[in-house]
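What follows is the residue order along each chain.
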Amino acid sequence: MASPIEAPGFRGATSYPSMARINDHWLEGSCHGQADRDYADQIVVCAPHIPYLVRASRQLVGRMVRYLMDQGVRQFLDLGSGIPANRHVHEVAQEADPDVRVVYVDLDPRVAADGRRLLEGNDHAAFLEADIRDPDAVLNHPDFTRLIDLEQPVGVLIIETLLYLPDTDDPAGLVASYLDRLPSGSYLGMSHCGEDEQLRKGLNIFSRMFGTPPPVTLREREEFQTFFHGLELVDPGVVQVTLWNPLTEEDMGRNPELAHMYAGMARKN
């Protein structure tokens, strides 16, 4: 999720940054401020590979959306979406079919405000300011019920979001609670960061230099794969993010097997 970072050790901040707005900065968007840029610079000092993973993740979203379009999916739910710009779900999907319906969900009120502004005039997309940990609030929201027909397949995307949910929030149970409400033929696409010595070192450096780092829960590929329980994984299974159905050499990048961010998609039968 893109909830504000509680970072009392962040030096010189006049407002709390958020990972969604930091990602927007790394994606060369316009929905961020100086506090977000400053915090982003501090992250890069400690973990310089993070912006690359953010860009790889956005490219993954495009590939997943196009795959789902090829399967006939015409409605999408993006949980913990961040800012809907820079080739996000609706831009990719509606380029192919203007009637595709998209619902974004995020908890951060500033991100939600940016999202609603960016979607102005788009009657087939909506941005919900809601906590994804409350599926009823999401699935019963008037904008959700207006756009999404739960009698038809839905493509659900949870990109990096579970990284910000601790085990006490039962992420596997949360995923299942959404899937239980979806019809057969729906799909789930997810990504997650695994244990990475380089990232762990970066977090430790950040703690010493700048204070409390962004709170994350890293999970290995095997644990992440359990979140697809009961679903049929599509090829190529759960793999490094740049190896999930790359279309070009640019999608793969250099040394893709070294990326400790994993991605997968599965179908509900």
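A few points on the structure. Predicted, not measured: the structure shown is a model, and the values here were computed from it.

**Concerning the overall build of the protein**
Looking only at helices and strands, the protein has 11 helices and eight strands in total. A compact globule built from 269 residues would reach a C-alpha radius of gyration of about 18 Å, and the protein, at 18 Å, matches this within 12%. Going through the 269 residues of the protein one by one, you find that 54% of them count as buried. Of the roughly 11900 Å² of accessible surface on the protein, a fraction of 48% belongs to carbon and sulfur atoms. Taken as two groups, the 24 positive and 41 negative side-chain charges of the protein have centres that lie 3 Å from each other.

**Overview of the nonpolar core**
One finds Val 65 and Phe 76 to be the most contacted residues of the largest nonpolar core, which totals 53 residues. Ranked by the residues each element gives to this core, the list is headed by helix H3 (residues 50-70), at 10 residues. Beyond its immediate sequence surroundings of up to four residues, Phe 76 is in contact with Val 65, Leu 68, Met 69, Val 89, Ala 93, Val 100, Arg 101, Val 102, Val 103, Ile 148, Val 154 and Gly 155. By size, the runner-up hydrophobic cluster in this structure holds 32 residues, among which are Leu 77, Ala 126, Phe 224 and Tyr 262.

**Points about the pattern of salt bridges**
Inspection of the entire model under this criterion finds 12 salt bridges. Across the salt bridge formed by Asp 169 and Arg 133, the nearest N and O atoms sit 3.3 Å from each other. Taken together, the residues Asp 169 in the loop between strand E4 (155-159) and helix H8 (171-179) and Arg 133 in the loop between strand E3 (125-129) and helix H6 (135-139) connect sequence positions 36 residues apart. For Asp 169, a relative accessible area of 25% translates into the label partly exposed. On the accessibility criterion, Arg 133 (37% relative accessible area) is partly exposed. A salt bridge links Asp 143 to Arg 146, with the nearest nitrogen and oxygen atoms 3.5 Å apart. With a gap of three residues between them, Asp 143 and Arg 146 both fall in helix H7 (residues 142-147), about one helical turn apart. Connected through salt bridges with shared partners, the residues Arg 21, Asp 36, Asp 114 and Arg 117 form a single ionic network.

**Observations regarding the packing of aromatic side chains**
Inspection of every chain in the model, using the stated rule, returns seven aromatic pairs. Centroid distance Phe 224 to Phe 228: 5.6 Å. Interplanar angle 70°. Geometry classified as edge-to-face. Phe 228 gets classed as buried once you look at its relative accessible area, which sits at 3%. In this structure an aromatic cluster arises from ring pairing among Tyr 39, Phe 206 and Phe 210.

**Focus: the environment of Val 44**
Along the chain, the position of Val 44 falls in helix H2 (residues 34-46). On the basis of relative accessibility, which here comes to 29%, the residue Val 44 falls in the partly exposed class. Each C-alpha atom of the pair Val 44 and Leu 182 lies 39 Å from the other, and the pair is 138 residues apart in sequence. Excluding its chain neighbours within four sequence positions, the residues that come into contact with Val 44 are Trp 26 and Pro 51.

**Some details on helix H1 (residues 19-26)**
With respect to burial, H1 is a largely interior element, seven of its eight residues being buried. Residues Met 19, Ala 20, Arg 21, Ile 22, Asn 23, Asp 24 and Trp 26 constitute the buried set of H1. Buried residues along H1 sit in contact with H2, H3 and helix H5 (109-118).

**As for the side chain of Asn 23**
Here Asn 23 shows up in helix H1. A relative accessible area of 16% means that Asn 23 is categorised as buried. Apart from residues lying up to four places away in sequence, Asn 23 is in contact with Val 54 and Glu 160.

**Focus: unusual backbone geometry**
The omega torsion of the bond from Asp 235 to Pro 236 falls at 10°, within 30 degrees of zero and hence cis. Along the chain, Pro 236 turns up in the loop between strand E6 (232-233) and strand E7 (239-240). Phi at Glu 160 is positive, roughly 70°, even though this residue is not glycine. A relative accessible area of 12% places Glu 160 in the buried class. Phi angles above zero are rare outside glycine, and Asp 170 is one such case at about 50°. Positionally, Asp 170 belongs in the loop between E4 and H8.

**Some thoughts on the pairing of strand E1 (residues 75-79)**
Of all five residues making up E1, five are buried, and the element is well covered by its neighbours. Because side chains alternate across E1, one face comprises the buried residues Gln 75, Leu 77 and Leu 79, and the other comprises Phe 76 and Asp 78, equally buried. Each parallel crossover has a hand, and for E1 linked through helix H4 (residues 89-96) to strand E2 (residues 101-106) it is right-handed. As defined by bridge partners, E1 adjoins E4 across three bridges and the pair is classed as parallel. Considered in E4, the bridge of Asp 78 is made with Leu 157.

Rules and cut-offs
Residues numbered from 1 in each chain as written. Predicted model: local features only at pLDDT ≥ 70, side-chain atom pairs only at ≥ 80, totals over all residues. Heavy atoms only, no water. Helix = DSSP H or I, 4+ residues; strand = E, 2+ residues; numbered from the N terminus. Rg over C-alpha atoms; globule rule 2.2 N^0.38 Å. Buried < 20%, exposed > 50% of the residue type's maximum accessible area, 1.4 Å probe, protein only. Areas by Shrake-Rupley, 256 points an atom, 1.4 Å probe, with all protein chains shown as cover. Lys, Arg positive; Asp, Glu negative; His and termini not counted. Charge placed at Lys NZ, Arg CZ, Asp CG, Glu CD. Core = buried A, V, L, I, M, F, W, Y, C linked by side-chain atoms within 4.5 Å. Contact = heavy atoms within 4.5 Å. Salt bridge = Lys/Arg side-chain N within 4 Å of Asp/Glu carboxyl O. Phe/Tyr/Trp six-rings, centres within 6.5 Å; stacked < 30°, edge-to-face > 60°. Right-handed = clockwise from strand over helix to strand, strands pointing away. Pairing = 2+ DSSP bridges.

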